[in-house]
Amino acid sequence: MPQYARSERKTLADLMQTLGPDAPTLNAGWTTRDLAAHLVLRERRPDAAGGILLPPLRRYAEQVRQKLAARPWESLVDQVRRPPVWSPISNPLLDEAVNTMEFFIHHEDVRRAQADWQPRDLPAGLQQALWKRAAGLARLTLRRFPAEVRVQAPGYGQRAAGRGGEQLRLVGAPGELVLFLSGRQRAARVQLDGPAGPADRLRDARLGL
């Protein structure tokens, strides 16, 4: 069985090690050190990880993340590279389902923030796995968007999302759609067709979980 989550994790850790702790990322205001601390918190601190999504816990989660970020860089990257088997989200039973999209996105957060980045030629199996996640992500992140958005990945499928109204068509490879729908619109290589007003709103919308 392909292990795309493990592969994306390894190549992200390798890239972080090469670039060092102060390299930019697509995450506003975050360096590679900040992103590494986020990933360690997510996997190793279940007491604080809920703050990634839940506003009441956000302040505590940020305090924990900053303490993690102060650790020596080599140790921090090693913890990204080697998740604990006891982790509720990174154990061998759940790793592929939970982490494939997460580590793909954050790998691209680092790659695409560098001046010389180029698109990767992703394996078809990874694209298929990302399409399954993109389809669900579209329904979730666009559920309140005031238009009908046809999300299309040629060769993989299409989904309708949004609240209805004027029609937009969002076309791209599954990986690019995942990036767009997770809030990286400006870095994603997609085609967006439709009326200028809704299209511009979608490019600037706060998407993601």
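One can find the structure itself at the top, above this paragraph.
Residues numbered from 1 in each chain as written. Predicted model: local features only at pLDDT ≥ 70, side-chain atom pairs only at ≥ 80, totals over all residues. Heavy atoms only, no water.

K.L.:
Quick rundown of the packing of helix H1 (residues 4–19) against helix H6 (residues 95–111)? Include the residues and the values.
P.N.:
With their axes 8 Å apart at the nearest point, H1 and H6 run at an angle of 30° to one another. When the axes of H1 and H6 are compared, the pair comes out roughly parallel. In the crossing of H1 with H6, the sense of the turn from one axis to the other is left-handed. Packed against H1, whose contacting residues are Tyr 4, Ala 5, Arg 6, Glu 8, Arg 9, Thr 11, Leu 12, Leu 15, Met 16 and Leu 19, the element H6 presents Asp 95, Glu 96, Asn 99, Thr 100, Phe 103, Phe 104, His 106, His 107, Val 110 and Arg 111 at the interface. The residue inventory of the contact of H1 with H6, partitioned by class, reads 9 nonpolar, 5 polar and 6 charged. (Axes fitted to C-alpha atoms, helices over the stretch in contact; angles between N-to-C directions. Helix = DSSP H or I, 4+ residues; strand = E, 2+ residues; numbered from the N terminus. Parallel < 35°, antiparallel > 145°, perpendicular 65-115°, else oblique. Left-handed = near helix turned anticlockwise from the far one by under 90°. Contact = heavy atoms within 4.5 Å. Nonpolar A, V, L, I, M, F, W, Y, C, P; charged D, E, K, R; others polar.)

K.L.:
Now, about the sheet that holds strand E3 (residues 167–171): what can you tell me, with residues and values included?
P.N.:
The sheet built from 4 strands is open, its strands ordered E2-E1-E3-E4 with mixed pairing. The open sheet has two edge strands with one neighbour each: strand E2 (157–161) and strand E4 (191–193). Neighbour-to-neighbour, the strand axes of the sheet open up by a mean angle of 15°, direction not taken into account. Pairing geometry for strand E1 (residues 148–153) and E2, over 5 bridges, is antiparallel. Along E2, the bridge assignment pairs Val 149 with Ala 161. Strands E1 and E2 of the sheet are contacted by helix H7 (residues 124–141), whose axis makes an angle of about 10° with E2. (Pairing = 2+ DSSP bridges.)

K.L.:
Account for the side chain of Asp 109, with residues named and values stated.
P.N.:
Mapped onto the elements, Asp 109 comes out in helix H6. The buried category is assigned to Asp 109, whose relative accessible area is 0%. Looking at Asp 109, its side chain comes within polar contact range of the side chain of His 106, at 2.9 Å. Residues in contact with Asp 109, not counting those within four places in the same chain, are Thr 25, Leu 26, Asn 27, Leu 35 and Arg 184. (Buried < 20%, exposed > 50% of the residue type's maximum accessible area, 1.4 Å probe, protein only. Polar contact = N/O pair within 3.5 Å; in protein donor to acceptor, adjacent residues only side chain to side chain.)

K.L.:
Help me get a handle on helix H8 (residues 174–181), residues and values and all.
P.N.:
In terms of residue burial, H8 counts as a mostly covered element, since 8 of its 8 residues are buried. Where H8 is concerned, the buried positions are Pro 174, Gly 175, Glu 176, Leu 177, Val 178, Leu 179, Phe 180 and Leu 181. In this structure, the buried residues of H8 make contact with H6, H7, E1, E3, E4 and helix H9 (196–204). Taken from the residues just after H8, Gly 183 is the one with a positive phi, measuring 100°.

K.L.:
Outline the nonpolar core, supporting the account with residue identities and numerical values.
P.N.:
If you look at the biggest cluster of nonpolar residues, it comprises 31 residues, and the most contacted ones within it are Leu 142, Val 151 and Leu 202. Take this core: its biggest share by element is 7 residues, from H7. Setting aside anything within four residues of it in sequence, one finds Val 151 in contact with Trp 131, Ala 138, Leu 142, Gly 157, Gln 158, Arg 159, Leu 170, Leu 177 and Leu 181. Ala 13, Val 40, Leu 41 and Val 64 belong to the second-largest nonpolar core, a separate cluster that totals 21 residues. (Core = buried A, V, L, I, M, F, W, Y, C linked by side-chain atoms within 4.5 Å.)

K.L.:
Help me get a handle on the pattern of salt bridges, residues and values and all.
P.N.:
Pairing between side chains becomes possible if they bear opposite charge and their charged atoms approach one another. Evaluated as defined, the whole model comprises 19 salt bridges. Residue Asp 95 is joined to Arg 9 by a salt bridge in which the shortest nitrogen-to-oxygen separation is 3.7 Å. Within this pair, whereas Asp 95 is found in helix H6, its partner Arg 9 is found in helix H1, the two being separated by 86 residues in sequence. Among the ionic pairs, Asp 47 bridges to Arg 45, the shortest N-O distance being 2.8 Å. Within the structure, one salt-bridge network assembled from shared partners comprises Glu 8, Glu 108, Arg 111, Arg 112, Arg 120 and Glu 176. (Salt bridge = Lys/Arg side-chain N within 4 Å of Asp/Glu carboxyl O.)

Any functional reading would require information that these geometric values do not contain.
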